[in-house]
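Structural overview
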Amino acid sequence: MDRFERGEHEFEQLIGVPAEPGLARIKASSPDVHATMLETFAGPMTHPELSRQFRELASVAVIAALGGADDKLATHVRGALHQGIGPDELRALAEHVALYAGFPRGLTALEVIDQVLTDAGIPQPATLHRVRLADHETVVAQKGDTGPAVLLSHSLGLDWRMWEPVMDRLAVGRRVFAYDIRGHGSAAGSPTPFTMDQVSDDLIGVMDALGLDQAHVAGLSFGGGIAQTAAVAHPERFASLTLQATTDFAFTEAFEARGRSGEVEGMRAQVVPTLTRWFTGPALATNDWGVRYARERILRFLPQDWAAAWHAFKDLNVQGRLADFKAPVLVLAGELDASTTPEIMSGIAKAIPGSTYVELPGTPHMQTLEQPGLVADALDEFLPREA
């Protein structure tokens, strides 16, 4: 393989299309420029100090900041998608360009990115609603405009975007809402300490703010504890209940230790123990969007919010209290979940007569981020939709 062949190979690996058609116009216009480009791709572009992901992000940022090369920008946006960069990451990059290179450049970049995403069949982002609750504000994301209402409550340490990989599937014939729990995401810095009863009241408060008399509520991990607490207190507000990777009793010592660790050791110290509980080894090695998102959320978490959430979670007290719950219940376990194991999840199902228990193969604790397709399949089958 000579240097030109190496350049063609690296171009295809980086951009995602073969060099022959990808660079055909340049070759026809100037063979010398074409040769120089291939030598560049065979040289600096192969150096491992910058990953292919980072190189494509850098290329998008530089071309967007310079302006006047929208077709080249689109090529590298497609290349970034090929490298596993997520749509939200690309949109955030355009926002960053707007701050440093000016809004005209950033807005143009956003238009190009949006067109590339549309051409690739990637849906538009969720509509965001700012909602005022009893003592704080939060954000509610919405997908879908008609059909039964579905309300999603996320895991401790993340935010509503944890549900993003499944929302488009669920929004076919449904209105799907996902909100930030107090102390999380847009609701960071909410009053602390707080209790499970308060976050339960927040869930009902979100429903009130959206004008929902009832909703099909799904909660994962901490969100599942919140959903159960709310279902005990307000069963009439639930059209159905889905419990994912959660518990109906508190691991008091472990939860106290995790909260204390965030306060004493800081959030960087929480990354390894948390991500290794949440994801499988292959997912961590691949480091796709879900892992990157979860890592960044943890690193940016306020220690006082982290501690407050764990201290509230340790007082969870719903075991055996949903035995008379009338609405349909789905209990969704992950086969590889080392935290809320299939044994724990099947115990929850047994304590709720008439509930449906489903175990997702090859799935760890963070179901929606590692196995969104399996989660969407299970929820889509369980939840009613508009014809």
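Within an unreviewed UniProt entry, the label attached to the protein chain reads Alpha/beta fold hydrolase, and the organism entered is Actinomadura barringtoniae.

As a further point, take the sheet that holds strand 7 (residues 329–334). Sheet architecture is open: eight strands sit in the order 1-2-4-3-5-6-7-8, paired in mixed fashion. With partners counted over all chains shown, the strands left at the sheet margins are strand 1 (127–132) and strand 8 (356–360), one partner each. If you compare each strand with its neighbour and ignore which way they point, the axes differ by 20° on average. Across four bridges, strand 3 (residues 149–153) lies against strand 5 (residues 215–220) in parallel orientation. Looking at the pairing, Leu 151 lines up with Val 217 of strand 5. Its contacts with the sheet place helix 10 (residues 196–210) against strand 1, strand 2 (137–143), strand 3, strand 4 (175–179), strand 5 and strand 6 (238–244), and it is angled at close to 145° to strand 3.

So, about unusual backbone geometry. Backbone torsion omega between Thr 192 and Pro 193 reads -5°, so that peptide bond is classified as cis. As for its placement among the helices and strands, Pro 193 is situated in the loop between strand 4 and helix 10. The phi dihedral of Ser 221 is positive, around 60°, even though this residue is not glycine. Ser 221 gets classed as buried once you look at its relative accessible area, which sits at 10%. Backbone geometry places Ala 245, a non-glycine residue, at a positive phi of 45°.

Side chains bearing opposite charge may pair, as long as their charged atoms lie close to each other. Counted according to the given criterion, the structure contains 20 salt bridges. When the shortest N-O distance is used, the salt bridge between Asp 380 and Arg 169 registers 3.9 Å. Pair noted here: Asp 380 is in helix 19 (residues 372–382) and Arg 169 is in helix 9 (residues 164–170), with a separation of 211 residues, a long-range link. The class for Asp 380 is buried, based on a relative accessible area of 18%. On the basis of relative accessible area, Arg 169 is assigned to the partly exposed category, the value being 34%. Arg 385 is paired through a salt bridge with Asp 380; the nearest N and O atoms lie 2.7 Å apart.

Reading the values: the criteria
Residues numbered from 1 in each chain as written. Predicted model: local features only at pLDDT ≥ 70, side-chain atom pairs only at ≥ 80, totals over all residues. Heavy atoms only, no water. Pairing = 2+ DSSP bridges. Helix = DSSP H or I, 4+ residues; strand = E, 2+ residues; numbered from the N terminus. Axes fitted to C-alpha atoms, helices over the stretch in contact; angles between N-to-C directions. Contact = heavy atoms within 4.5 Å. Buried < 20%, exposed > 50% of the residue type's maximum accessible area, 1.4 Å probe, protein only. Salt bridge = Lys/Arg side-chain N within 4 Å of Asp/Glu carboxyl O.

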